[in-house]
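# A look at the structure
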Amino acid sequence: MRMHEEIVYCNANEGEAFLQIELAGTSYCDGTYSIRRERSGCHVLEYVESGSGTIICEGQALHPEAGSAYFLKRDEPHWYRSSAHDPWVKHFINVRGTLADNLIAAYGLHSGLFPHCRVSACFETIFSLLRGGVEENKSLLPIAFHELVAAIAASRTKTESSDAEKIKLYLDEHIRSPIRLPDLSRLVFKSPSQVIRIFKREYGQSPYHYLTQRRLSTASLLLQNTNMGIRQIALELQFADEHYFSNAFKRFAGRSPSHFRKESGGPR
């Protein structure tokens, strides 16, 4: 299939407005489709009807497929391209203006992928209003755009909750293994900053703090129920050294590991 686009609306020459949709339509991509922007002047919202491809934003490669949406924030570099073997058919809206900025900030949207985000009807509503062209239709655009942003945000909340649970389970299962933030990033296909934000929103603390608390809790059990030396426990639970572990444990339990073991009646 040859690359072509059905442009519903194009109005890139106007100045900054309350809500300005600069470009909207549907892309029927081929294997050569690729868009790179070092600094986009508008927010990009797209919904994939079919096909697959890749977006690169916030240093992360993500792969939108049918039934997913993606959002690329203005003033941030991004690159997206369609698969050569299974090209996208996708709806798009490029938008800017104070209303767009305020809604995106209010819903806390960040550049990224939103799987299982069925917002095709939201795009069709906006397209229908744009095709109408009359002032009455245009006055309804802010409401339609608000509904689109809200729908994307709602799908994100559900997805991010699932991602947070996945991260927590991974941390719980790897208490004694070295874990780095890029490991968690790859686990849920999110940037490191998104991983921290998603986990903190769900559990009220960063993944690092949660993992440290779980390791210190495990250390207390080992001190009470085993003959393992303090240095051995520190190394087993991935603390840098015995001194660092002892200081962290004292903050956690209010006493040093040796005093904790003695007071709890653990093995000497």
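These lines cover the structure that appears in this document, whether it is placed above or below. Here the residue index of a chain counts from 1 through its sequence in written order. At least 70 in pLDDT is required for a residue's local features to be given in this predicted model, at least 80 for side-chain atom pairs to be given and counted, and no such filter applies to totals for whole chains, interfaces and linings, which use all residues. For the side-chain quantities, the full set of heavy atoms in the structure was used; hydrogens and water were omitted.

### Quick look at the overall build of the chain
Starting at the N terminus, helices and strands are each numbered in turn, a helix being any DSSP run of H or I of at least four residues and a strand any DSSP run of E of at least two. When helices and strands are counted, the chain shows 10 helices and 10 strands. With the C-alpha coordinates of the chain rotated into their principal frame, the extents come out at 80 × 40 × 30 Å. Burial statistics for the chain: of 268 residues in total, 46% are counted as buried. Any two residues whose heavy atoms approach within 4.5 Å are treated as being in contact. The contacts in the chain between residues at least 6 apart in sequence include a share of 70% that link residues at least 24 apart. Note that accessible areas follow from Shrake-Rupley with a 1.4 Å probe, and for residues the cover is restricted to the protein chains shown. When the accessible surface of the chain is totalled, it reaches about 13,600 Å², and 51% of it is carbon and sulfur. Under this rule, positive means Lys or Arg and negative means Asp or Glu; His and the chain ends count for nothing. Taken as the charge centre is NZ of Lys, CZ of Arg, CG of Asp or CD of Glu, depending on the residue. Across the chain, the mean location of the 32 positive side-chain charges is 11 Å away from that of the 30 negative side-chain charges. Per-residue accessibility, obtained with a 1.4 Å probe over protein chains only, is compared with the maximum for each type, and a residue is labelled buried under 20%, exposed over 50%, and partly exposed between these values.

### Observations concerning the pattern of salt bridges
Salt bridges, as used here, are contacts in which a Lys or Arg side-chain nitrogen is within 4 Å of a carboxyl oxygen on Asp or Glu. Inspection of the entire model under this criterion finds 11 salt bridges. One salt bridge connects R74 with D101, and the closest N-O pair in it is separated by 3.5 Å. Taken together, the positions of R74 in the loop between β7 (69-72) and β8 (78-82) and D101 in helix α1 (residues 98-106) put the pair 27 residues apart, joining distant regions of the chain. Across the pair R176 and E236 runs a salt bridge, and its minimum N-O distance is 3.0 Å. One end of the pair, R176, is in the loop between α4 (141-173) and α5 (181-188); the other, E236, is in helix α8 (residues 230-236), and 60 residues separate them in sequence. Relative accessible area serves as the criterion here: at 41%, R176 is assigned to the partly exposed category.

### Comments concerning the environment of C57
By the secondary structure assignment, C57 is in strand β5 (residues 53-57). A sequence separation of 23 residues divides C57 from S34, and the C-alpha atoms of the two residues are 14 Å apart. Apart from residues lying up to four places away in sequence, C57 is in contact with L62, L72, P77, H78, S111 and G112.

### Focus on the side chain of S27
Within the secondary structure layout, S27 lies in strand β2 (residues 20-28). Assessed through its relative accessible area of 0%, S27 is described here as buried. As used in this structure description, the phrase polar contact means that two N or O atoms lie within 3.5 Å; if the pair is within protein, one of them must be able to donate a hydrogen and the other to accept it, and residues adjacent in sequence are counted only when both atoms belong to side chains. For S27, the side chain forms a polar contact with the side chain of E5, separated by 2.6 Å. Sequence-distant contacts of S27, that is, excluding residues within four places in its chain, are made with M3, H4, E5, Y33, W88, V89, K90 and F92.

### Section: the nonpolar core
Core analysis: the biggest nonpolar cluster contains 32 residues, and I21, I93, V119 and L148 have the highest contact counts within it. Mapped onto this core, the elements with two or more residues apiece are β1 (4-10), β2, β4 (43-50), β7, β9 (89-96), α1, α2 (120-132) and α4. The biggest single contributor to this core is α4, with 7 residues. Those residues in contact with I21 that sit more than four places away from it in its chain are Y9, N11, I93, N94, V95, I126, L130 and L141. The criterion is simple. A nonpolar core is a set of buried Ala, Val, Leu, Ile, Met, Phe, Trp, Tyr and Cys residues joined through side-chain atoms within 4.5 Å.

### Let's talk about the packing of aromatic side chains
Here a ring pair, both rings aromatic, is described through the centre-centre distance and the interplanar angle of the planes. Between the rings of Phe, Tyr and Trp (Trp by its six-membered ring), a pair exists once the centres lie within 6.5 Å; its type follows the angle of the planes, with under 30 degrees stacked, over 60 edge-to-face, and the other angles tilted. This model, assessed by the stated rule, comprises 12 aromatic pairs. Judged by centre distance (5.8 Å) and plane angle (35 degrees), the rings of Y70 and W88 are tilted. One end of the pair, Y70, is in strand β7; the other, W88, is in the loop between β8 and β9, and 18 residues separate them in sequence. Across the pair, exposure class does not vary: Y70 and W88 are buried alike. Just above the ring of W79 sits the side chain of R36; from NZ or CZ to the centre is 4.2 Å. A ring is scored as having a charge over it whenever the NZ atom of a lysine or the CZ atom of an arginine sits within 6 Å of its centre and within 35 degrees of its normal. When the ring centre of W79 is taken as origin, the NZ or CZ atom of R81, which lies over that ring, is 4.5 Å away.

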